[in-house]
Amino acid sequence: MATMDDDAIADAFLVEVRPYSAPVILEEYDRRWPARYEAEATAIREALATKVLRLEHTGSTSVPGLAAKPIIDMLLLVARALDAR
């Protein structure tokens, strides 16, 4: 596996990567999290159309009953990231 330097890693992201310095706060499971994912997923699919190869709800908010940070994590796979801009 090839290693990447900091510049190569930064170039691989579509947004600026910043260190997360705030405390992590967990909340009890919220039954609205799946609907929040679906709303965001719909918007992404509408924006990217056929460029979306895979879109999944990931992270702790995707596990029913699990306490989590209230941030919907998603995995998006496109054939070419530069085409998704």
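Undergrad: Whenever I open this one, helix α2 (residues 33-48) confuses me. Can you help?
TA: In an α-helix, one full turn covers 3.6 residues, which means residues spaced three or four apart are oriented alike. Across its 16 residues, α2 extends 22 Å between first and last C-alpha, which sits within 8% of the 22 Å expected from 1.5 Å per residue. Among the residues of α2, W33, Y37, A41 and L48 are the ones counted as buried. For α2, the angular spread of buried residues about the axis comes to 65°, placing them on one side. Away from the buried face of α2 by more than 90 degrees, exposed residues A35, E46 and A47 are located. Of the surrounding secondary structure, the elements contacted by the buried residues of α2 are β1 (52-58) and β2 (73-78). Just downstream of α2 lies A49, where phi reads positive at about 50°.

Undergrad: Would you mind going over the nonpolar core with me for this structure?
TA: Generally speaking, soluble globular proteins have nonpolar side chains that are buried together. The biggest cluster of nonpolar side chains holds nine residues, and these are W33, Y37, A41, L48, V52, L55, A68, I72 and V78. Elements that contribute at least two residues to this core include exactly α2 and β1. No other element matches the four residues that α2 contributes to this core.

Undergrad: Teacher, can you tell me more about a negative patch on the surface here?
TA: Where like charges cluster on the molecular surface, the negative patch consists of D5, D6, D7 and D11. Of note, D6 is situated in helix α1 (residues 6-12).

Undergrad: Explanation requested: the pattern of salt bridges in the structure shown.
TA: Two side chains carrying opposite charge are able to pair once their charged atoms lie near each other. Within this structure, the stated rule accounts for three salt bridges. Between D30 and R32 there is a salt bridge, with its nearest N and O atoms 2.8 Å apart. Here D30 falls in the buried class, since its relative accessible area comes to 16%. The exposure class of R32 is exposed, given its relative accessible area of 58%. When the shortest N-O distance is used, the salt bridge between D73 and K69 registers 3.1 Å. The class of D73 is partly exposed, set by a relative accessible area of 24%.

Criteria and thresholds
- Residues numbered from 1 in each chain as written.
- Predicted model: local features only at pLDDT ≥ 70, side-chain atom pairs only at ≥ 80, totals over all residues.
- Heavy atoms only, no water.
- Helix = DSSP H or I, 4+ residues; strand = E, 2+ residues; numbered from the N terminus.
- Expected span 1.5 Å × (residues − 1).
- Buried < 20%, exposed > 50% of the residue type's maximum accessible area, 1.4 Å probe, protein only.
- Arc of directions from axis to C-beta.
- Contact = heavy atoms within 4.5 Å.
- Core = buried A, V, L, I, M, F, W, Y, C linked by side-chain atoms within 4.5 Å.
- Patch = residues over 30% accessible without salt bridge, like charges linked within 9 Å, V, L, I, M, F, W, Y side chains within 5 Å.
- Areas by Shrake-Rupley, 256 points an atom, 1.4 Å probe, with all protein chains shown as cover.
- Salt bridge = Lys/Arg side-chain N within 4 Å of Asp/Glu carboxyl O.
- Lys, Arg positive; Asp, Glu negative; His and termini not counted.
- Charge placed at Lys NZ, Arg CZ, Asp CG, Glu CD.

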